[in-house]
Amino acid sequence: MQRLIVMVAFGGGNLIDIAGPLQAFASAGELQPPERKPYRLLTVSEDGGPIETSPGVTIETLPLAALDGETIDTLIVPGGLPRSGVFELDRLVGWLKANGDRPRRLCSVCTGAFLLADAGLLEGRRITTHWSRAEELRQRHPHLMVDADALFIEDGRVWTSGGVTAGIDLALALIEADLGHPVAIAVARQLVMFVKRPGGQSQFSAPLALQAARSPTFAGLHAWIAAHLGEPLPIERLAAIAGMSARTFARRHVAETGMTPAKAVELIRLETACRALTDTMLPLKRVAADVGLASEQNLRRLLQRQFGIGPAEYRERFGGSGRRAAE
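Keep in mind the model is a prediction, meaning the values are calculated, not measured.

**Observations regarding unusual backbone geometry**
Link 1 in the chain: Residue Cys110 is not a glycine yet carries a positive backbone phi of 60°.
Link 2 in the chain: Mapped onto the elements of the fold, Cys110 is located in the loop between strand E6 (105–108) and helix H3 (112–118).
Link 3 in the chain: In this structure Cys110 comes out as buried when scored by relative accessible area, which is 3%.
Link 4 in the chain: A positive phi angle, close to 75°, is found at Ala294, a residue other than glycine.

**Some words on the sheet that holds strand E3 (residues 49–52)**
Link 1 in the chain: The eight strands are arranged E3-E4-E2-E1-E5-E6-E10-E9 in an open sheet whose pairing can be described as mixed. Looking along the sheet, the strands with just one partner apiece sit at the ends: E3 and strand E9 (152–155). Taken over all neighbouring pairs, the strand axes of this sheet differ in orientation by 30° on average, direction set aside.
Link 2 in the chain: The pairing of strand E5 (residues 74–77) with E6 spans four bridges and is classified as parallel. Counterpart to Thr74 in the pairing with E6 is Arg105.
Link 3 in the chain: Helix-sheet contacts for helix H1 (residues 15–30) involve strand E1 (3–8), strand E2 (39–45), strand E4 (58–63) and E5, and the interaxial angle to E2 is about 160°.

**Notes on the pattern of salt bridges**
Link 1 in the chain: Counted under the stated rule, the structure contains 18 salt bridges.
Link 2 in the chain: For Glu256, the salt bridge identified is with Arg252, shortest N-O distance 3.2 Å. Taken together, the positions of Glu256 and Arg252, both in helix H10 (residues 246–257) and four residues apart, correspond to about one turn of that helix.
Link 3 in the chain: Residue classification places Glu256 among the partly exposed residues on the basis of a relative accessible area of 32%.
Link 4 in the chain: Residue class for Arg252 comes out partly exposed when judged on its relative accessible area of 34%.
Link 5 in the chain: What emerges from the salt-bridge pattern is a single network uniting Arg3, Asp73, Arg104, Arg105 and Asp178.

**Comments concerning the packing of aromatic side chains**
Link 1 in the chain: Across all of its chains, the model carries four aromatic pairs by this definition.
Link 2 in the chain: Ring geometry for Phe25 and Tyr39: centres 4.9 Å apart, planes at 70°, overall edge-to-face. One end of the pair, Phe25, is in helix H1; the other, Tyr39, is in strand E2, with 14 residues separating them in the sequence. In this structure, Phe25 and Tyr39 share a single accessibility class: buried.
Link 3 in the chain: Where Phe152 meets Trp159, the ring centres are 6.5 Å apart and the plane angle is 20°; that geometry is what we call stacked.

About the criteria used
Residues numbered from 1 in each chain as written. Predicted model: local features only at pLDDT ≥ 70, side-chain atom pairs only at ≥ 80, totals over all residues. Heavy atoms only, no water. Helix = DSSP H or I, 4+ residues; strand = E, 2+ residues; numbered from the N terminus. Buried < 20%, exposed > 50% of the residue type's maximum accessible area, 1.4 Å probe, protein only. Pairing = 2+ DSSP bridges. Axes fitted to C-alpha atoms, helices over the stretch in contact; angles between N-to-C directions. Contact = heavy atoms within 4.5 Å. Salt bridge = Lys/Arg side-chain N within 4 Å of Asp/Glu carboxyl O. Phe/Tyr/Trp six-rings, centres within 6.5 Å; stacked < 30°, edge-to-face > 60°.

By themselves, these observations are geometric and do not establish any function.
If you want it as structure tokens, here you go:
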């Protein structure tokens, strides 16, 4: 018996949130004999018809009413919501609230979790969403347990995934649950994906954290730190460079950047180390020394704490081609 996979679309939705998981399910079907196709795929919207996604690509959809009488195995809500909250989707939220108990599995990709939460379907669940919107979701729904780092989370019948391409990770996990590990591996190979990707969403957000927190007051200091990572950087020296007393410097740095000076130094070390790992083939000991971590062990501890993987695996996963080797 075919499982009905329903993707819910809306204007401005992320195309990859929609197409990525659907392609994974379609690829699973292509690996089976025609008489044993495991999935039937439908894409729906409030009124049906053409829906323009965020990059301007239009997709055809059926109306929500087309699902009347259907047995829905898996319902997926994609992301692509506006910068703050949800608007002009009240009818969709109402439909989700009224029909959320119909699917065997209820799923969201990226910020699609906002829609499920607004419909009251995530009560008491541990969930995830795009790392950049996790705090907003916590504030909007304080009762939810939001894990900003997870690629995807299964909590009973509710599955939620992190940002954008994590929706494909979610689909592969659903396929594995339905059809077994060998089929999931075969689909992952077709899509040139990991079945289970190493690390979490933080692997993409960590070096960006300091950039997001930059302030005009300390931008120059942060640039100076980046140029002197191999030297001792006690708070007294940083305060002197900033022209402040140590106490005033520590207080103002936290107030303007949201982090302590020590944390800022650590993130600059991390960002520089990540760049060296992906852009060069310098030995790990050299990378550690260049960023002021003294030893390869300290570098490994920092990456494990932030990303859940070590420096060698980080380089293998995220390094590009044509990297410069050590001279």
